[in-house]
Amino acid sequence: MRLYMYAVVEGLWSFILITIILRTRALSTLPKQVSRPKPCSMASSVDDHGIQLGDFHYQQPSCKDISTCFKIESNSYPSDEAASFESLQYRQEKALPYFLCALVDDKIVGFICATRTNQFEEESMSTHDNDGKLLAIHSVVVEESYRRKGIATAMLKAYLDKVQRENNGSIQAIVLLAKEHLLGFYVKCGFVANRASPIIHGQGLWFELEKTLVRTTLDEGESWFCKTEQFKKPYPEVKPYLEEHKLWVLDMRKSGHCMTSGYRVDEKGRPGGGGLMFLAAKTYDEAQSIVLKDPLVANDCVDWVLNGWNRQVGDIEIR
């Protein structure tokens, strides 16, 4: 009797196990449900508003749009940190080229605004100086229901590209203040965190971030020049001046000069082909005067040749 009951129980468990296996296999052959969450992608992701995130666009605000911007601003910052309606109105009137809105179906869902200044200080940032060498971003905001969909990142990158593209060299850097939890976001967008800021604005500690701008193309009346070079001294003797050369190029770029520098390599990526530098200047004499200040040239480390470069197909854009 016990053996019989054991056989029955064992048979029932086998039946249940086989049923579960068959059921699982059947389910695995069904089409995947379209409601399954998808990874966020700016190219193809559709959010819970049914918005194709790659389709939203940007435009500068009109005076009538400031009330909408103010509402988003007020809902995004504490009351002692949010810009006033009058401040946004001032920025729209005086610094419109640096005020950009993101729209979905012609609805403003976020914006970025900034003013130009010569000093990264709270007092100087309250006004706009058309000739300011720093562009101080005041707001990067997205309406709450549209957050965490990649809009802020796309909007900021579009803003930075626009400023870089339209900059004639007069803006040397973009600066902003951010709380600690947002530092990663801005660093991913190309900013460098410099220090904890002495500026007091609302509650909590702020950090200063900066993104240096460089000229990417020729100004009116300029041409491209190319300097090629070969070391004429042993590398240990050249090395200190090579480091000075790198710093010199960085400083020249920060001051508005359009140039880039590097070295040539063989098919295996090994150096030895010599240095190569492209720079923009209005005349050969101007280009030569710049090259003569290069630490590698000034300290007689290299044999060099300077040539003008006339484009035939395509052009150069410095990064």
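Since the structure is predicted, the reported quantities are computational estimates derived from the model, not experimental observations. (Residues numbered from 1 in each chain as written. Predicted model: local features only at pLDDT ≥ 70, side-chain atom pairs only at ≥ 80, totals over all residues. Heavy atoms only, no water.)

1. Examining the sheet that holds strand 8 (residues 223–231)
We count it as follows: Pairing between two strands requires that DSSP report at least two bridges joining them. Put simply, DSSP H or I for four residues or longer makes a helix, DSSP E for two residues or longer makes a strand, and each gets a number counted from the N terminus. In this analysis an axis means a line fitted to C-alpha atoms, helices contributing only their contacting stretch, and an angle means the value between N-to-C directions, from 0 to 180 degrees.
Sheet architecture is open: four strands sit in the order 9-10-8-11, paired in antiparallel fashion. In this open sheet, the two strands that pair with only one neighbour each are strand 9 (259–265) and strand 11 (302–309). Along the sheet, successive strands turn relative to each other by an average axial angle of 20°, direction set aside. The pairing of strand 9 with strand 10 (residues 271–281) spans seven bridges and is antiparallel. Following the sheet pairing, Val-265 is matched in strand 10 by Pro-271.

2. Quick notes on the side chain of Glu-229
Here is the rule: Here a polar contact means two N or O atoms within 3.5 Å. Within protein one must be a hydrogen donor candidate and the other an acceptor candidate, and residues neighboring in sequence count only if both atoms are side-chain atoms. Contact definition: two residues touch when any of their heavy atoms are within 4.5 Å.
You can see Glu-229 is positioned in strand 8. Engagement of the side chain of Glu-229 in a polar contact is seen with the side chain of Lys-227, the distance being 2.7 Å. Ignoring any residue separated from it by four or fewer positions in sequence, one finds Glu-229 in contact with Arg-264, Gly-274, Gly-275, Asp-294, Leu-296, Val-302, Asp-303 and Trp-304.

3. Examining helix 2 (residues 66–76)
The condition is simple: Categorising residues by exposure relies on relative accessible area from a 1.4 Å probe, with only protein chains included: less than 20% of the type maximum marks a residue as buried, more than 50% marks it as exposed, and the intermediate range marks it as partly exposed. Directions drawn from the helix axis to the C-beta atoms are what define this arc.
Among the residues of helix 2, Ile-66, Cys-69, Ile-72 and Glu-73 are the ones counted as buried. Here the buried residues of helix 2 occupy an arc of 125° about the axis, which is enough to place them on one side. Facing away from the buried side of helix 2, by more than 90 degrees, are the exposed residues Lys-71 and Asn-75. Considering only its buried residues, helix 2 is in contact with helix 3 (85–94), strand 2 (99–104), strand 3 (107–117) and strand 4 (134–142).

4. Examining the nonpolar core
What counts, and what does not: As used here, the term nonpolar core means buried Ala, Val, Leu, Ile, Met, Phe, Trp, Tyr and Cys residues forming a set that is joined through side-chain atoms within 4.5 Å.
By size, the foremost hydrophobic cluster in this structure holds 32 residues, and its most contacted members are Leu-135, Ile-137, Leu-156, Tyr-159, Ile-174, Tyr-186 and Phe-191. Looking at this core, the elements with two or more residues in it are strand 2, strand 3, strand 4, helix 4 (151–166), strand 5 (173–178), helix 5 (183–188) and strand 7 (207–212). By residue number, the principal contributor to this core is helix 4, which donates seven residues. Apart from the residues within four sequence positions on either side, Tyr-186 is in contact with Val-140, Leu-156, Leu-176, Ala-178, Phe-191 and Leu-209. The next biggest cluster of nonpolar side chains, apart from the first, holds 18 residues, and it includes Leu-242, Trp-248, Leu-279 and Leu-306.

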